[in-house]
Amino acid sequence: MRSRVANSVPTGPACYHGRFQVAAAACATVPAVSETQLSIETPPAVTPWDRLFLRRVRGRELPSFAEDVRSGLTAQPKILYPKYFYDELGSRLFEAITALPEYYPTRAEAEILHAHAGEIAAALGGPVWAVELGSGDGQKTKLLIEALLARQGTLEYVPVDISESAVQTSSRSLLFSYPDLRITAYIGDYHASLRRIREERVGPGRTLVLFLGSTIGNLDPEERLSLVRDVRNLLNPGEGFLLGVDLKKSESMLIPAYDDPLGVTAAFNLNLLARINRELGGEFDLAAFRHRVLYNREAGRVEMHLESRRAQTVPIRDAGIEVSFEEGETIHTESSYKFDLDQVAALAAETGFELRKTWMDSGGRFASNLLVAA
Ligand code: AVJ
């Protein structure tokens, strides 16, 4: 029964965690594990967990899942947000997607990071601390963490995620692997978390923000601009933003990546309805919907939809609605924008960044871009 309270109590103007000196504000945090157990007899054990600090960020009150389901399914056309894919089952299905031969982005980005992590780690000059948006399972991040640790000995890593359980799981594995790593995780939406991170600046050295996996592709152009501006606001001139984007390419490669023959992506998409059934008392018959994928050339994005196979009405108890579908009507569940390098350069210029360097995989499918705050 070990105590983690010691790590969560402010101790004067500054407190000291192992070899990491941190500002007082950085020490006022919540314990990494919610059911903290106090034991007077046993001294606190020194475990990798002692290097994990969690901040739960409450920003502007976001609509709940029930509210978003209610507004999305009563809108015309019907829509559900892709962030709701990632409950525990959905996160596992996404990991399965990344193992599919047809889903190239994860491997393409990993190839880039394998080849260039050292160069990326050195690009800002001095020591850095790393903030990662939407950290996922952290596999690709490991390549960068290792390169940074090799260069500078220690690293403060700051993942930002809406899922506390995802952060707990990935942090656990990282902390066990790297004794010189310290993690301060922010649980909350990006906007509010980036603001808190700017106030608290828990890391020493220059800030390097990571946004990998082409997760930015889920955002519509306006949301994309505002997110990159939020990142820019966290940074001082000379600090960096590593942005992974999936590149425009032929539909014959794009469509199978989102409509694989094993049906894993179909399951990932349909899980959204299953989640509504599980969590909101919905009565979706999953067999009455089919996974649909199209490339919207004008908008430059792959779209995923769920199409009703027949006319039907579906009650969703906790959203207080009954949703009617015509035969063939769809729910738009995800947009996955594809980019060209001119768009990346334009995005950088519009948001106060200089596009310093772009690395591509050997197949020219994916680009990792280092933006430096101007
Ligand atoms: C995690 C948003 C990058 O858009 O490629 C994969 C999600 N959806 N297959 C993507 C996803 C269907 C993925 N991102």
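Residues numbered from 1 in each chain as written. Predicted model: local features only at pLDDT ≥ 70, side-chain atom pairs only at ≥ 80, totals over all residues.

1. With respect to the sheet that holds strand S7 (residues 181–187)
Stage number 1. Strand order in the open sheet formed by 8 strands is S3-S7-S6-S5-S8-S9-S16-S15, with mixed pairing between adjacent strands. Bordering the open sheet on either side are strand S3 (52–56) and strand S15 (353–360), each of which pairs with just one other strand. Neighbour to neighbour, the strand axes of the sheet diverge by 20 degrees on average, direction disregarded.
Stage number 2. Docked against the sheet, helix H8 (residues 221–234) engages strand S8 (206–211), strand S9 (240–246), S15 and strand S16 (366–373), running at close to 160 degrees with respect to S8. (Pairing = 2+ DSSP bridges. Helix = DSSP H or I, 4+ residues; strand = E, 2+ residues; numbered from the N terminus. Axes fitted to C-alpha atoms, helices over the stretch in contact; angles between N-to-C directions. Contact = placed C-beta atoms within 7 Å.)

2. Quick notes on the packing of helix H2 (residues 65–74) against helix H10 (residues 264–280)
Stage number 1. Following both chains from N to C, one finds H2 and H10 inclined at 125 degrees, their axes separated by 11 Å at the closest point. One element, H2, and the other, H10, form an angle in the oblique class. Remark: the crossing between H2 and H10 carries left-handed chirality. Facing H2, whose interface residues are Phe65, Ala66 and Val69, H10 presents Ile276, Glu279 and Leu280.
Stage number 2. Its residues placed into classes, the contact of H2 with H10 shows 5 nonpolar, no polar and 1 charged. (Parallel < 35°, antiparallel > 145°, perpendicular 65-115°, else oblique. Left-handed = near helix turned anticlockwise from the far one by under 90°. Nonpolar A, V, L, I, M, F, W, Y, C, P; charged D, E, K, R; others polar.)

3. A word on the pairing of strand S10 (residues 289–296)
Stage number 1. Relative to strand S11 (residues 301–308), S10 runs antiparallel, the two sharing 8 bridges. Across the sheet, residue Tyr295 finds its bridge partner in S11, namely Val302.
Stage number 2. The hairpin turn running from S10 into S11, its antiparallel successor, is 4 residues long, and Gly300 in that turn takes a positive phi close to 70 degrees.

4. Quick look at the pairing of strand S14 (residues 330–337)
Stage number 1. Taking burial as the measure, the 8 residues of S14 include 6 buried ones, the bulk of the element.
Stage number 2. With 2 bridges joining them, strand S4 (residues 78–79) and S14 adopt parallel strand pairing. Residue Ile79 lies in a different strand from S14, and its bridge partner there is His332.
Stage number 3. Examined bridge by bridge, S11 and S14 share 7 bridges and lie antiparallel to one another. Bridging across to S14, Glu307 finds its partner in Thr330. (Buried ≥ 20, exposed ≤ 12 C-beta atoms within 10 Å, placed from the backbone.)

5. Considerations on the site of the ligand
Stage number 1. Around the ligand, a shell composed of Ile97, Pro105, Gly213, Ser214, Thr215, Gly217, Asn218, Tyr258, Thr265, Glu334 and Ser336 is seen.
Stage number 2. When its residues are assigned to classes, the shell around the ligand shows 3 nonpolar, 7 polar and 1 charged. (Near = placed C-beta within 6 Å.)

6. Observations concerning the confidence of the model for the chain
Stage number 1. Summary statistics for the chain give a mean pLDDT of 89 and a share of 87% for residues scoring 70 or more.
Stage number 2. The lowest-confidence element of the chain is strand S1 (residues 14–17), averaging 35 in pLDDT; the highest-confidence one is S11, averaging 99. (pLDDT = per-residue confidence, 0-100.)

7. Points about the nonpolar core
Stage number 1. Judged by nonpolar contacts, the single largest core of 68 residues is most densely connected at Ala130, Leu144, Val158 and Leu210.
Stage number 2. Of the residues forming this core, the biggest block, 6 residues, is contributed by helix H4 (residues 105–122).
Stage number 3. When neighbours within four sequence positions are excluded, Val158 is seen to be in contact with Trp129, Ala130, Val131, Thr184, Tyr186, Ile197, Val202 and Gly203.
Stage number 4. Counting residues in hydrophobic clusters, the runner-up holds 23 residues, among them Val69, Leu306, Ala319 and Ile331. (Core = buried A, V, L, I, M, F, W, Y, C linked by C-beta atoms within 7 Å.)

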